[in-house]
Amino acid sequence: MAHDASVNPGPIMGIAIGYWQSKILLAAVEHDIFTTLSGRSATSAELATELGLVPIGTNDLLVGLSHLGLLEMRNGRFANAPVADAFLVRGRPAYLGGYLRFCDQELNPAWDGLATALRTGQPQNRAAVVGNPYDSLYRDADATGDFLDSMDLLATPIGLALSRFDWSPYASFVDIGGARGHFAHQVVTANPHLKGAVFDLPPLQPAFEQHMARLGGVGPSITFHGGDFFQDPLPEADVLVFGHVLHNWGVEDRIRLLRNAYDVLKPGGAVFVYDPMAGGQAPAMHAVLAGLAMLVWSRGGHEYSVSDLHGWMKEAGFRPETAEVPDLNDDVLVIGHKDR
């Protein structure tokens, strides 16, 4: 078959070198280039000397970052672009370096095994094979802090949206997998009649205590319960919240968690589940990438649809309801009611 000259391999090559572009960003974050350039400009030679890098590679890196819109280059000197100054300078409130470090050191190596995962259905993250995929991340206090900073930043709009939800029927809630309590703090601050709690892996308790002390304002209204939700009983409350949790696990694990939640909820209580819920035949690209990330990272994780969740909730004993929540962005909130 003759080759159509109007078709060229440019789109394919663009996708292939996209990986190289992401490595440029990750290498720059590892060497703290954006932090070093905060409030100043420098030549590539000056930066190479200051950071202990080889000159020729450093110049190519900086020019590449300029092409990506992360640096600005004028008269041979480089400075942060506004987007880099906002999100890539260590110590800034919106710093995303922790998440990028997680991608580079934890998630991307699992992505290297995507072809294998598609053949076997098994995660390529060793920690997920032998236990919880976050175990290795939480062993490093610095990595944990940077990662949680980024997660809190990315999840803040969801917490604000759900803080405005009508919590008046309830007196207590537990955020399952709630890390250091950022979501719980948002909800209790906006709804001071609530008693909040976080249930997550025990190594996160020091991070929880430090974060609560830093945020202040709610005191003992939020408590931490350490445990593994597949091995330990869930705390009792009026509401159990599963935010970005169920899509990390396979269907059997999802139903198991929902059943465990039903067993410990008070009569008239509810389970709140929020996820993208972008299942179906043709989900959006962000959902496709999230689904494949969970394939390589966790045990059976994938995106799912609202109707899927309704079915699992009914199987666990709940009466499901899809809630209308403004400003929840790409997420959907489904409430499972435990009738009296």
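Going by the structure above, here's the rest.
Right, let's walk through the structure included here. Model, not experiment: these values are computed from the prediction.

### Digging into a nonpolar patch on the surface
Okay, so step 1: A surface patch of nonpolar side chains, about 260 Å² in accessible area, is lined by Met285, Val288 and Leu289.
Okay, so step 2: Looking at the element boundaries, Leu289 is found in helix α13 (residues 285–297).
Okay, so step 3: Using a relative accessible area of 41% as the deciding quantity, one classes Leu289 as partly exposed.

### Some points on the environment of Phe272
Okay, so step 1: Turning to its location among the elements, Phe272 is positioned in strand β7 (residues 265–275).
Okay, so step 2: For the pair formed by Phe272 and Ile335, sequence separation is 63 residues and the distance between their alpha carbons is 4.7 Å.

### Quick word on the packing of helix α3 (residues 44–51) against helix α4 (residues 55–67)
Okay, so step 1: Packing of α3 against α4 brings their axes to within 9 Å, and their N-to-C directions diverge by 120 degrees. It follows from the interaxial angle that α3 and α4 lie oblique. As for how α3 packs across α4, the hand of that crossing is right-handed. Mapping the contact onto sequence places Ser44, Leu47 and Ala48 in α3 and Pro55, Thr58, Asn59 and Leu62 in α4.

### Thoughts on the pairing of strand β6 (residues 237–243)
Okay, so step 1: Burial analysis of β6 places 7 of its 7 residues in the buried class, which makes it a mostly covered element.
Okay, so step 2: One ladder, built from 4 bridges, connects strand β3 (residues 172–176) with β6; its direction is parallel. Residue pairing for β6: Phe173 is matched across the bridge by Val239.
Okay, so step 3: Bridge analysis of β6 against β7 gives 6 bridges, and the strand direction is parallel. Note that in β7 the partner of Val241 across the bridge is Phe272.
Okay, so step 4: Handedness of the crossover joining β6 and β7 through helix α12 (residues 251–264) is recorded here as right-handed.

### Comments concerning the nonpolar core
Proteins that are soluble and globular tend to have nonpolar side chains buried together.
Okay, so step 1: Ranked by size, the top nonpolar core spans 40 residues in total, and within it Trp167, Phe173, Phe272 and Leu333 carry the most contacts.
Okay, so step 2: Here the element with the most residues in this core is helix α9 (residues 141–163); it accounts for 5 residues.
Okay, so step 3: Those residues within four positions of Trp167 in sequence are excluded, and the remaining contacts are Leu162, Phe173, Val187, Asn191, His193, Leu194, Val239, Val241 and Phe272.
Okay, so step 4: Leu234, Val271, Met313 and Val334 belong to the second-largest nonpolar core, a separate cluster that totals 29 residues.

### Considerations on the packing of α12 against helix α14 (residues 306–316)
Okay, so step 1: In contact at an axis separation of 9 Å, α12 and α14 are set at 50 degrees when each is read in the N-to-C sense. Judged by the inter-axis angle, α12 sits oblique to α14. As for how α12 packs across α14, the hand of that crossing is right-handed. Across the interface between the two elements, Val251, Arg254, Ile255, Leu258, Arg259 and Tyr262 of α12 pack against Leu309, Trp312, Met313, Glu315 and Ala316 of α14.
Okay, so step 2: Partitioning the contact of α12 with α14 into residue classes produces 8 nonpolar, no polar and 3 charged.

### As for unusual backbone geometry
Okay, so step 1: Despite not being glycine, Asp32 shows a phi value in the positive range, around 55 degrees.
Okay, so step 2: On the secondary structure map, Asp32 appears in the loop between α1 (10–30) and α2 (33–36).
Okay, so step 3: A residue is classified by how much of its surface remains accessible, and Asp32, at 21% relative accessible area, is partly exposed.
Okay, so step 4: With a phi close to 65 degrees, Asp327 is a non-glycine residue in the positive phi region.
Okay, so step 5: Structurally, Asp327 is set in the loop between β8 (319–322) and β9 (332–337).

### Some points on the sheet that holds strand β4 (residues 195–200)
Think of a sheet as strands paired side by side through backbone hydrogen bonds, with each pair either parallel or antiparallel.
Okay, so step 1: Ordered by their spatial adjacency, 7 strands build an open sheet running β5-β4-β3-β6-β7-β9-β8, and the pairing between neighbours is mixed. The open sheet is flanked by β5 (222–226) and β8, the only strands paired with a single partner. With direction set aside, neighbouring strand axes in the sheet form an average angle of 20 degrees.
Okay, so step 2: For β3 and β4, the ladder comprises 5 bridges, and the chain directions are parallel. Looking at the pairing, Ile176 lines up with Phe199 of β4.
Okay, so step 3: Against the sheet, helix α10 (residues 182–190) engages β3, β4, β5, β6 and β7, with an angle of about 160 degrees to β3.
Okay, so step 4: Together, β7, β8 and β9 form the strand contacts of α14, whose direction differs from that of β9 by roughly 15 degrees.

What counts and how
Residues numbered from 1 in each chain as written. Predicted model: local features only at pLDDT ≥ 70, side-chain atom pairs only at ≥ 80, totals over all residues. Heavy atoms only, no water. Patch = residues over 30% accessible without salt bridge, like charges linked within 9 Å, V, L, I, M, F, W, Y side chains within 5 Å. Areas by Shrake-Rupley, 256 points an atom, 1.4 Å probe, with all protein chains shown as cover. Salt bridge = Lys/Arg side-chain N within 4 Å of Asp/Glu carboxyl O. Helix = DSSP H or I, 4+ residues; strand = E, 2+ residues; numbered from the N terminus. Buried < 20%, exposed > 50% of the residue type's maximum accessible area, 1.4 Å probe, protein only. Axes fitted to C-alpha atoms, helices over the stretch in contact; angles between N-to-C directions. Parallel < 35°, antiparallel > 145°, perpendicular 65-115°, else oblique. Left-handed = near helix turned anticlockwise from the far one by under 90°. Contact = heavy atoms within 4.5 Å. Pairing = 2+ DSSP bridges. Right-handed = clockwise from strand over helix to strand, strands pointing away. Core = buried A, V, L, I, M, F, W, Y, C linked by side-chain atoms within 4.5 Å. Nonpolar A, V, L, I, M, F, W, Y, C, P; charged D, E, K, R; others polar.

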